[in-house]
Amino acid sequence: MTTHPSLAAIAEYAGGGHGLDEATVWSIEVHLEDCAECRARLAGSAAGSTLVLLDRVAAELDREIAAGPAPARQARRWLVPRRRWLVAALLPWVAMTVPMLLCALALNRLLPDLPSLVLLLAPVAPLPGVAAAWSRHLDPAGELISSTPAAGLIMLLRRTLVVLAVIVPVLALFGAGTGTSLALMLLPCLAFTAGTIALGALIGVSRAAVGLGTLWALAVVVPTVVTEDLPLVLRPDSTLFWALAAAVLFGVAVSRAGDFSRLTSHR
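Just so it is clear, the structure is predicted and the values come from calculations on it, not from any experiment.

Below, the discussion takes up the UniProt feature "transmembrane region" (unreviewed entry) in the protein chain. According to UniProt, the "transmembrane region" (unreviewed entry) feature falls on residues 85-108, 114-135, 156-176, 182-202, 209-227 and 239-258. Regarding residues 156-176, the helix share stands at 100% and the strand share at 0%, and the terminal C-alpha atoms are separated by 29 Å. Between the C-alpha atoms that bound residues 209-227 there is a distance of 26 Å. The span itself is 100% helix and 0% strand.

Right, dumping it as structure tokens:
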């Protein structure tokens, strides 16, 4: 509407608009949104009973607002990045992994003939935390978050980085203490993390973490403990293989980023 409604039309609208057709009512309402002058005319055209009702409603609202709880304070700015990167469900799983590595280190002190148990567990050390990072069963707001535009591979990578920020320094420290190559300690860890994310795009991150962890335990950890012989995949000349595997698997995970935007991937 490019012109102001007539005073008669405004008066009719103020009285309920029963004598106006739908198109006229719609055009008046659209015009009132942007025209303060016509809103003032509408207020002046309201019946006395309507004005009394509006005053009573306004007074009641003021009373309810004054009696109600104070408005919640906005979250501090420093909390926003923390909520994007950290979820409480990660903490127990990451906290469980560190004592497990400490026990492995202690066993090596007691049984020096065994291959490094820390080295054997390093590839799968982050997997419990990665599984918790993308599990709707462990995250109370998982389904709600996974249905928002913020969900997806970027969120999973943020939470995975939090897990690695805890696990990697521990592995580096234990590796230095046992004389194990830092690259041999960390590259398999990164490769299994990338593999979990890449496979998780197809079957779910939690299932991928359990599957890869079980496979590693049966194929490498148990035979190594039984034979007391370090496998080829954990010898110094295997670092190039692990570096390539980590790079390729991370590329596969990125190429499947769209799969993490579906609600069914949050499992």
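That was the structure; now back to the text.
Axis separation between helix H11 (residues 182-203) and helix H13 (residues 239-255) bottoms out at 8 Å; the angle between their running directions is 25 degrees. Classified by the angle their axes make, H11 and H13 are roughly parallel. At the point where H11 passes H13, the crossing takes the left-handed sense. Together, Ala183, Leu184, Leu187, Pro188, Leu190, Ala191, Phe192, Ala194, Gly195, Ile197 and Ala198 of H11 and Thr239, Trp242, Ala243, Ala245, Ala246, Leu249, Phe250, Val252 and Ala253 of H13 make up the contact between the two elements. Of the residues contributing to the contact of H11 with H13, the split by class is 18 nonpolar, 2 polar and no charged.

Moving on, we get to the environment of alanine 172. Take alanine 172: it is sitting in helix H10 (residues 153-178). The partly exposed category is assigned to alanine 172, whose relative accessible area is 23%. Along the primary structure alanine 172 and alanine 183 are separated by 11 residues, whereas in three dimensions their C-alpha atoms are 9.1 Å apart.

About the thresholds
Residues numbered from 1 in each chain as written. Predicted model: local features only at pLDDT ≥ 70, side-chain atom pairs only at ≥ 80, totals over all residues. Heavy atoms only, no water. UniProt positions renumbered as here; feature names shortened; annotations may be inferred. Helix = DSSP H or I, 4+ residues; strand = E, 2+ residues; numbered from the N terminus. Axes fitted to C-alpha atoms, helices over the stretch in contact; angles between N-to-C directions. Parallel < 35°, antiparallel > 145°, perpendicular 65-115°, else oblique. Left-handed = near helix turned anticlockwise from the far one by under 90°. Contact = heavy atoms within 4.5 Å. Nonpolar A, V, L, I, M, F, W, Y, C, P; charged D, E, K, R; others polar. Buried < 20%, exposed > 50% of the residue type's maximum accessible area, 1.4 Å probe, protein only.

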